[in-house]
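# Structure assessment
What follows is the residue order along each chain.
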Amino acid sequence: MNEPPRVHGAVVGVDAPALAMSGVDGQLHGVAIDGFYDQERCLLSRLVLRIGDREPEPVGGDPVGGPTTRFVGIVRADADGADPTVIVERIRRSFPAGESIRITNAGRVSVDLPVEIAAGSDLAEMGQVRRGQRPAEIAAEAIRDGWRWVSPSDGLTVTLEVTKSPENVDRNTGALKWTVNLAPGEEWTVDLHITAKAAADRPVTVAAPAVPAPWRVPRVRCSDSRLPDLVRQSLLDIDALLLADPAQTSDLFLAAGSPWFLTLFGRDSLWAARMLLPLGTELAAGTLRTLARRQGTRYDPETEEAPGKIMHELRPEGHTSTFLPPRYYGTIDATPLFVTLLAEAWRWGLPEAEVAELLPAAERALHWLSTDADADGDGFIEYRQSGTRGLANQGWKDSGDAVQFADGRLAEAPIALCEVQGYAYEAAIRGAELLDAFHRPDADRWRAWAATLRRRFRSSFWATDDIGPYPAIALDAEKNQVDGVASNMGHLLGTGILDPEECGLVAERIGSPAMDCGWGLRTLSADSRGFNPFSYHCGTVWPHDTAITIAGLAATGHHEQAASLLSGLVRAAPSFDYRLPELFAGEQHATGRAPLAYPSACRPQAWAATAGISILQSLLGLRPDVPGGAVVVAPLQPAPYETVEVHNLTVAGKPFSARIDDGTISVSAIAPGLDLHVDK
């Protein structure tokens, strides 16, 4: 696989499943990531504007919000003048796809401007773009005021139309040409419309555009203005990534991330919905129902489907550029996360009827945990690739070198990841609570299963180095401890699989300078042989990984370490214009330094965006139990900010508002019938 094209620095407009990407000049040259995309296909790969036989000189390009981006360029029409006299503005939309071009004469004399817009389409699949293997452009057919391209493989038809008839058309270059005369102060505009139509026999799309977000918009005030700015951008990114299940368009979920993963992902969509529970339960319910419709029903080694298993990712049928099957189940953690999200949503106020509807799927997921998820019968949840097109590593760190010993050696499958044992324990305990509450059998069985898993974990996963004990990242095929010191241990906090003393040991290790780099949590300790601050899973900082660990630290009373990581993420946010990327380099923070980008990281990305909401919950220590009639708040102490005020969170379908002053919390809105408990 070639190196993925760089995404950092690109100007991206997203309205999932559509997006438009280019450099800051706004030109599409048909290389790297350039293009208008929809449903993981490139609709238009080349769109180059020239004025007077040259491209405008770019002076600015940035996202306006959601699907809209803006580019400004200048042209020096008077060769003897020092100032630019022609200003070019392009307003681009990813959906509906197209753009408006406005050319203004800001000079003192009239100008004659040859204007040319050259277009082309390669109809590339997103997998080809990601691998840096874009195909050649296909032949264009001239139509009135534009061009048409038809895919010879699947009949997809793309049309580009302009609102001003061109004076000349160049069939060799795809150029539409005009001669524009502008008096001083005059402007000339043209609109471009891009449409796509699938062949009648093309498979159903995997994701549909979503209706507007169903939640209230929270308002945040803080003595540190970076926190409200982070939340504001997070909400914009979440809206841009919102998708609907084409099988039931009222069920919403979040695409994993732009540009490579604008589709349903089991693990990513589940974690994103869980971190957004402070905005309401609608997204969680939609995500759960969407995944339940695709829950495994049979054994298929090639797709790694099994009865009860929750899928990993969904791609369009017929695409040849992805190395994974279109409907792929190679994930070890989505299935327990499904059960836990259902239980969490119930605690946040998901109506009982909706919970009951999903309980059979949760029971099937639990059954998978105790059967197929433990293929060798040793009592641990483990994975091993079974198909020829699958992933070797099937936790959230799914790159080939993600599971390392401290000396840099790679673990061999089957692999039992530490955090997955925590997920499984929590799913069994939370699942038992659901079974009891809804008068279904087997709750005691799952509590006993969880207790056995907890004992086995304690005896098998705890490693020791010169600093002290810590949970190993995994057990390998020979049941050896894979003793790399990794962020995976942070996901154990709050699952219940650790006792208070063990939580303290994990918190202490996470709070060390080798793990907390000042911008967030490193995925691998800086003391490890395999550490690389630019390694995808072995040294970088992932905002969602940090946010999950912050939540676990807050829930287990380790507020100092939680506050340090939280402050680091907020500190990093301005360097990325508050749009936290999928990951960034795990270099050590220093005064005057900014965090460094990982070049091909997704932006926006679902669980990076939802991290901005998750840290609000951790700041407040907000833990609802709507079925139990209570809401607990336990703000971080000492408080990382002098004042934090949060309005329009949602608990039990009603607004929740709170304020922290010097660590003292006051609640000004809470759903009727819920008792407030303040844990100091």
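Residues numbered from 1 in each chain as written. Predicted model: local features only at pLDDT ≥ 70, side-chain atom pairs only at ≥ 80, totals over all residues. Heavy atoms only, no water.

Okay, the sheet that holds strand β12 (residues 141-143) next. One open sheet accounts for 8 strands, arranged β7-β8-β9-β10-β17-β14-β13-β12; its pairing is antiparallel. Whereas interior strands pair on both sides, the edge strands pair on one side only; in this sheet they are β7 (57-65) and β12. Averaged over all neighbouring strand pairs, the angle between strand axes comes to 15°, with direction disregarded. (Pairing = 2+ DSSP bridges. Helix = DSSP H or I, 4+ residues; strand = E, 2+ residues; numbered from the N terminus. Axes fitted to C-alpha atoms, helices over the stretch in contact; angles between N-to-C directions.)

Its place among the elements puts Glu 419 in helix α7 (residues 418-437). It turns out Glu 419 is buried and unbridged, and the closest side chain with the opposite charge, Lys 397, is 6.9 Å from it. Residues in contact with Glu 419, not counting those within four places in the same chain, are Trp 396, Ile 473, Asn 488, His 491 and Leu 492. (Buried < 20%, exposed > 50% of the residue type's maximum accessible area, 1.4 Å probe, protein only. Lys, Arg positive; Asp, Glu negative; His and termini not counted. Salt bridge = Lys/Arg side-chain N within 4 Å of Asp/Glu carboxyl O. Contact = heavy atoms within 4.5 Å.)

Before going further, it helps to examine the pattern of salt bridges. Throughout the structure, instances matching the rule amount to 42 salt bridges. A salt bridge links Asp 224 to Arg 226, with the shortest nitrogen-to-oxygen separation between them at 2.8 Å. Across the pair Arg 458 and Glu 502 runs a salt bridge, and its minimum N-O distance is 2.6 Å. Residue Arg 458 is located in helix α8 (residues 443-460), and its partner Glu 502 is located in helix α9 (residues 500-510); the two are separated by 44 residues in the primary sequence. A relative accessible area of 30% places Arg 458 in the partly exposed class. Ionic contacts of the salt-bridge type, sharing partners, join the residues Asp 245, Asp 251, Arg 289, Arg 293, Arg 294 and Glu 354 into one network.

Turning to empty space enclosed by the protein, a few remarks are in order. A full pass over the atoms with the stated rule returns 5 cavities of 30 Å³ or more. Taken as a whole, the largest cavity holds about 80 Å³ of empty space. For the largest cavity, the full set of lining residues is Asp 25, Gln 27, Leu 49, Pro 56, Pro 58, Phe 71, Val 72, Gly 73, Val 88 and Arg 90. Of all the secondary structure elements, the ones that give two or more residues to the lining of the largest cavity are β8 (68-75) and β9 (86-93). Tallying contributions element by element places β8 first for the lining of the largest cavity, with 3 residues. Partitioned by chemical class, the residues of the lining of the largest cavity number 6 nonpolar, 2 polar and 2 charged. (1 Å grid on protein atoms, 1.4 Å probe; cavity = no way out; pocket = protein on both sides within 12 Å on 5 of 7 lines; lining within 4 Å. Points joined across faces, edges and corners; volume = space filled by probe spheres on them. Nonpolar A, V, L, I, M, F, W, Y, C, P; charged D, E, K, R; others polar.)

The subject of this paragraph is helix α6 (residues 352-370). For α6, with 19 residues, the first-to-last C-alpha span of 26 Å sits near the 27 Å given by 1.5 Å per residue. Turning to α6, its buried residues number three or more, namely Val 355, Leu 358, Leu 359, Ala 361, Ala 362, Ala 365, Leu 366, Trp 368 and Leu 369. In this fold, the buried residues of α6 make contact with α4 (282-292), α5 (334-348), α7 and α8. (Expected span 1.5 Å × (residues − 1).)

Looking now at the layout of surface pockets. Over the atoms rolls a probe the size of a water molecule, and in doing so it shows where empty space is left. In this structure, the second largest pocket occupies an estimated 810 Å³ of space. What lines the second largest pocket is a set of 30 residues, among which Arg 274, Glu 344, Arg 430, Ala 555 and Arg 623 lie closest to the centre. For the lining of the second largest pocket, the elements supplying multiple residues, two or more each, are α3 (266-275), α5, α7, α10 (543-555), α12 (606-620) and β29 (622-625). With 5 residues, α10 is the largest single contributor of residues to the lining of the second largest pocket. Along the lines of polarity and charge, the residues of the lining of the second largest pocket split into 14 nonpolar, 9 polar and 7 charged.

At a closest axis distance of 8 Å, the pairing of α10 and helix α11 (residues 559-572) adopts a crossing angle of 155°. Compared by their axis directions, α10 and α11 come out roughly antiparallel. Of the two possible hands of crossing, α10 and α11 adopt the one that is left-handed. Only His 559, Gln 561, Ala 562, Leu 565, Leu 566 and Leu 569 of α11 make contact with α10, whose side of the interface consists of Pro 543, Thr 546, Ala 547, Thr 549, Ile 550, Leu 553 and Ala 554. Each residue belonging to the contact of α10 with α11 can be placed in one class, and the counts come to 9 nonpolar, 4 polar and no charged. (Parallel < 35°, antiparallel > 145°, perpendicular 65-115°, else oblique. Left-handed = near helix turned anticlockwise from the far one by under 90°.)

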